[in-house]
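# A structural walkthrough
Spelled out from the first residue to the last, the chains are:
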Protein chains: 2
Amino acid sequence: LEKLWGNVVDVVEKIKKLGEDDPRRITHSLKVALAITLVSLFYYIRPLYDGFGANSIWAVLTVILVCEFSVGATLGKGLNRMLATLLAGALGVGVHFLATMSGETGQPIILGFFVFLIAATVTFARFIPAMKARYDYGLMIFILTFSLISVSSYRENGEVIEMAHQRLTTIIIGSFTAIVICICIRPVWIGENLNNLVANNMEKLGKSLEGFGGEYFNILEEGPSMDDKSFLQGYKSVLTSKDTEEAMANLARWEVWHFRFGFRHPWKQYLKIGTLSRQCAYKVDALNSYLNTKIQTPSEFQSKIQEPCTKICSESGKALKELAVGLRKVMNQPTSVHLHIQHSKMEAENLKSLLNTTSIWENDALQEIIPTGAVALILVDIVPYIEKISEA
Amino acid sequence: LEKLWGNVVDVVEKIKKLGEDDPRRITHSLKVALAITLVSLFYYIRPLYDGFGANSIWAVLTVILVCEFSVGATLGKGLNRMLATLLAGALGVGVHFLATMSGETGQPIILGFFVFLIAATVTFARFIPAMKARYDYGLMIFILTFSLISVSSYRENGEVIEMAHQRLTTIIIGSFTAIVICICIRPVWIGENLNNLVANNMEKLGKSLEGFGGEYFNILEEGPSMDDKSFLQGYKSVLTSKDTEEAMANLARWEVWHFRFGFRHPWKQYLKIGTLSRQCAYKVDALNSYLNTKIQTPSEFQSKIQEPCTKICSESGKALKELAVGLRKVMNQPTSVHLHIQHSKMEAENLKSLLNTTSIWENDALQEIIPTGAVALILVDIVPYIEKISEA
């Protein structure tokens, strides 16, 4: 029994932490509940109910299905749902009239044929990548509404148009309720989230890189220390961020009315920056694996290269961090970024010539690591920089 | 007009390619259409329709929503939907009786309160990672059914139990139709897909690695060639496979009845192997970046290390490829894997002592690349090997 109680306390604490980590989750839950309760007023208030009857339930269902965490997802689903219902409803009514013309026995055959045809075609259309990214939900609703209208039209002959019309109206009401509540009460803009994610990733990379320089030469001198090195591991979450970024960019495209980003914000640029950050993270990963090797370095050589190496790390780390700050504020990158990049380029040139002139060494690990790190990072640094200009 | 026609031809060809790339897509579309048509028979055949009335539409909707590409996804959604409907229906009926006891004015208030409470709680529960991974859909259906039953109970006092019962029955019929069609007609087992994905990734890594050895020394001797080097780039798709693998493993857990994998197949092992493959891919990425550097290597040194290096590459590449074959056939790894790993270990030791004894060199690029490549790869090779034993 005590063990059970311990488990319960555990779960409660985890749930509490979930809410504390991101209070927007609690807000979202209350928002959804509010939207559903609002829409269910249709049932409780007689004059409203008399207008739509049992069909008002579609408004409730729509709110539940459309209300998503972010504005982008809600807008995308809501618009998809409304548009798909409109088109499928129209098609369904058309097929219904075609079917009624073919008599008592022909009707179910024609209806069944069209349902089969439409379902197969639209299901296949969901595999087209461009459709899947933005209209997947709409295509499903299209099949759903079409089947609903055309199948049930067989039993409710006279009321097909009425039914299609009511379904469309209730779905529009539900979608708008969801969208309005989602936008008006503490909105979660997925575009801002994406912006922050990409900026955070750049900052993490910068920190890892800045930390690496000092850390590496420390280890050479004193051996591994036991301090907290979590900042060095920050880059790891960048390695696998691809799918998240793509999904977010797809949703962000729906947020056309965002006050900060405007109508034609170049979301694709974020994906490019994301890809470049990832390539940069692979390099940092390669650098970090040298922290675990135990090859000794002659101190003479070490003293020669220590300065340019740490400088490259700190300067390009700073550049990345400032680019992140600039991205967060959606402005041109600060001029100091320019400076840092220039510095790290210079030091990299320094290092290269140093490596070329001093031709006899005894160590293995160090010579290689530095040009890789330096050259790769500078290349990577320059590219997002160019990207940024085209974006800002 | 000609341009338009060109566009149309373009689109048609793309769609054709989509079907040819994976004929299972076409089968899936036909399966969905078949399932919907079958279920809509409820409407066309009078005795069936009389049993369920307008509620039969839920069976059609269920089929549309539950029919997914893979067996795992369909099973997961179907079971989620049935269980959630059962629980939410029971709760909804309970709340309905509680509400009717509190009189005419109290009823909508109590109903509204409970809908708000349940919606907020369950929406929040969807953020719990463990719930999200497997029961996300079920939780949504729970809110949906609960709102549906309790809200509409206000207007249809006497028929609540009848309604809940009919909804449950139709949803069970719909889910079973979808599941049966999905399993019986050319099933797509996501567990098999995951198995193949992980095996393919290992094979690609092996090929890239095998190719790298020869390629690197070729370039040193003859400069970059213009042949097709796509096999060298194969590892790139491994870099970002994390999210796909996790999603697939989540779905694969539903496929408990699969004839080849059985009830307690260790899907988590796949994620481990996947993570190890990815780490291995980062190393290969680091190696590949050396293909673009132009630093000259003295031929004396080159001739010394060429043999062990190419051997390590080819032996560990072969080991990976054979592990992939073994994984595909779901059996213990062939003994030859053992042999290849032993070989590459031996050569790595060789190379290490070679690097330690020959202490004066003039080049930068080469010394470093080899121990990294060798040591890292051997480490990475041994670990999935151990994993495999625990799995097979």
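Cut-off values and rules
Residues numbered from 1 in each chain as written. Chains lettered and ligands numbered in written order. Predicted model: local features only at pLDDT ≥ 70, side-chain atom pairs only at ≥ 80, totals over all residues. Heavy atoms only, no water. Salt bridge = Lys/Arg side-chain N within 4 Å of Asp/Glu carboxyl O. Buried < 20%, exposed > 50% of the residue type's maximum accessible area, 1.4 Å probe, protein only. Helix = DSSP H or I, 4+ residues; strand = E, 2+ residues; numbered from the N terminus. Contact = heavy atoms within 4.5 Å. pLDDT = per-residue confidence, 0-100. Phe/Tyr/Trp six-rings, centres within 6.5 Å; stacked < 30°, edge-to-face > 60°. Lys NZ or Arg CZ within 6 Å of the ring centre and 35° of its normal.

## Quick notes on the pattern of salt bridges
All names here are of chain A. Taken as a whole and judged by the stated rule, the model has four salt bridges over all chains. Close ionic contact of Lys77 with Glu68 constitutes a salt bridge, the shortest N to O distance being 3.0 Å. Owing to a relative accessible area of 24%, Glu68 belongs among the partly exposed residues under this scheme. A salt bridge links Asp136 to Arg126, with the shortest nitrogen-to-oxygen separation between them at 3.0 Å. With Asp136 in helix H7 (residues 129-153) and Arg126 in the loop between helix H6 (103-125) and H7, the pair connects residues that are 10 residues apart, well separated along the chain. We note that Asp136, like Arg126, is buried.

## Focus on helix H4 (residues 57-66) of chain A
In terms of burial, H4(A) is a largely internal element, 10 of the 10 residues being buried. Within H4(A), burial applies to Ile57(A), Trp58(A), Ala59(A), Val60(A), Leu61(A), Thr62(A), Val63(A), Ile64(A), Leu65(A) and Val66(A). In this structure, the buried residues of H4(A) make contact with helix H2 (24-44), helix H5 (71-100), H7 and helix H8 (160-184) of chain A together with helix H5 (57-66) and helix H8 (129-153) of chain B.

## Looking at the confidence of the model for chain A
All names here are of chain A. In this model, chain A carries a mean pLDDT of 72, and residues with pLDDT of at least 70 account for 66%. Across chain A, element-level confidence peaks in H5 with a mean pLDDT of 86 and bottoms out in helix H16 (residues 365-391) with 47. Long-range and interchain partners of residues 358-380, a stretch whose pLDDT sits below 50, account for 62 contacts in this model, where long-range means more than four residues apart. Reported confidence for the predicted complex is 0.77 by ipTM and 0.79 by pTM.

## A few points about the packing of aromatic side chains
The full count for this structure, using the stated rule, is seven aromatic pairs over all chains. A centroid spacing of 5.3 Å and a plane angle of 70° characterise the contact between Phe69(A) and Phe127(B), whose relative ring orientation is edge-to-face. Of the two residues, Phe69(A) is situated in the loop between H4 and H5 and Phe127(B) in the loop between helix H7 (103-125) and H8; the pairing between them involves two chains. Members of the aromatic cluster, connected to one another through ring pairs, are Phe69(A), Phe124(B) and Phe127(B). The side chain of Arg167(A) reaches across the aromatic face of Trp58(A), ending 4.3 Å from its centre. Positioned above the aromatic ring of Tyr137(B) is the side chain of Lys77(B), whose terminal nitrogen or guanidinium carbon lies 4.8 Å from the ring centre.

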